[in-house]
Amino acid sequence: MTRVTSSAPSQRMLRIGEQVRAALTQVLQRGEVRDEIIEATVISISEVRMSPDLKIATAYVTPLGVSDHSIVIEALNRHARFIRGRLGPQLRQMKYMPEVRFRDDTSFDNYKKIDELLRSPEVSRDLDGDNDEQ
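Residues numbered from 1 in each chain as written. Predicted model: local features only at pLDDT ≥ 70, side-chain atom pairs only at ≥ 80, totals over all residues. Heavy atoms only, no water.

- Named according to an unreviewed UniProt entry, the chain is Ribosome-binding factor A originating from Rhizobium indicum.

Pasting the structure below:
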């Protein structure tokens with residue numbers, strides 16, 4: 001019997017990812033991480049993607065109000081082991097506590113580029129031409 005593989009995440013991966021995201025948000029909101037950079041920055045966690053074996057959690061974060069995101073991402077990755085330990089009480093149902101990795105979320109930049117393209121004069125001219133024909 002062949003096994004069907006898919007690149008889409010399973011329901012379980014999505015559910016656990018959302019639980020990890022909520023737990024990470026609570027840890028950061030309570031200010032449990034003692035780091036000047038992290039304490040001074042508002043951090044938005046947009047998504048957590050889990051590996052198929054649920055042992056690695058990749059958190060996509062956006063530091064708000066900071067021009068250089070890499071400094072905040074480095075600080076979060078420096079404290080990843082401490083943060084992983086603080087997730088324990090909220091993720092008791094898991095057999096293994098996932099290793100947390102932080103990455104910069106660039107999806108908002110992509111959305112902004114698409115929005116700028118849609119608002120450009122060339123595209124709006126083309127869209128206005130379609131409305132005149134109908």
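Observations regarding the overall build of the chain
Next, step 1: Helix and strand counts for the chain stand at six helices and three strands.
Next, step 2: For the chain, the succession of helices and strands along the chain, N to C, is α-α-β-β-α-α-β-α-α.
Next, step 3: Scaling as 2.2 N^0.38, a compact globule of 134 residues should have a C-alpha radius of gyration of about 14 Å, whereas the chain reaches 20 Å, well beyond that.
Next, step 4: For the chain, the spread of C-alpha atoms along the three principal axes comes to 60 × 55 × 20 Å.
Next, step 5: Relative to its full complement of 134 residues, the chain shows a buried share of 30%.
Next, step 6: Long-range contacts, defined here as pairs at least 24 residues apart, represent 64% of the contacts in the chain between residues at least 6 apart.
Next, step 7: Counting only carbon and sulfur atoms, one obtains 50% of the accessible surface of the chain, whose full area is about 9,700 Å².
Next, step 8: Averaging the locations of the 20 positively and 21 negatively charged side chains of the chain gives two centres separated by 16 Å. (Helix = DSSP H or I, 4+ residues; strand = E, 2+ residues; numbered from the N terminus. Rg over C-alpha atoms; globule rule 2.2 N^0.38 Å. Buried < 20%, exposed > 50% of the residue type's maximum accessible area, 1.4 Å probe, protein only. Contact = heavy atoms within 4.5 Å. Areas by Shrake-Rupley, 256 points an atom, 1.4 Å probe, with all protein chains shown as cover. Lys, Arg positive; Asp, Glu negative; His and termini not counted. Charge placed at Lys NZ, Arg CZ, Asp CG, Glu CD.)

Quick word on the sheet that holds strand β1 (residues 42–50)
Next, step 1: Strand order in the open sheet made by the three strands is β1-β2-β3, with mixed pairing throughout. Since the sheet does not close on itself, it has two edges, and those belong to β1 and β3 (99–104), each with one partner. Between one strand axis and the next, the sheet turns through 30° on average, direction left out of account.
Next, step 2: Where β1 meets strand β2 (residues 56–64), eight bridges bridge the pair, whose relative direction is antiparallel. Paired with M50 across the strands is A57, a residue of β2.
Next, step 3: Together, β1, β2 and β3 form the strand contacts of helix α1 (residues 11–29), whose direction differs from that of β1 by roughly 155°.
Next, step 4: Sitting on the sheet, helix α3 (residues 69–78) touches β1, β2 and β3, and the angle it makes with β3 is about 180°. (Pairing = 2+ DSSP bridges. Axes fitted to C-alpha atoms, helices over the stretch in contact; angles between N-to-C directions.)

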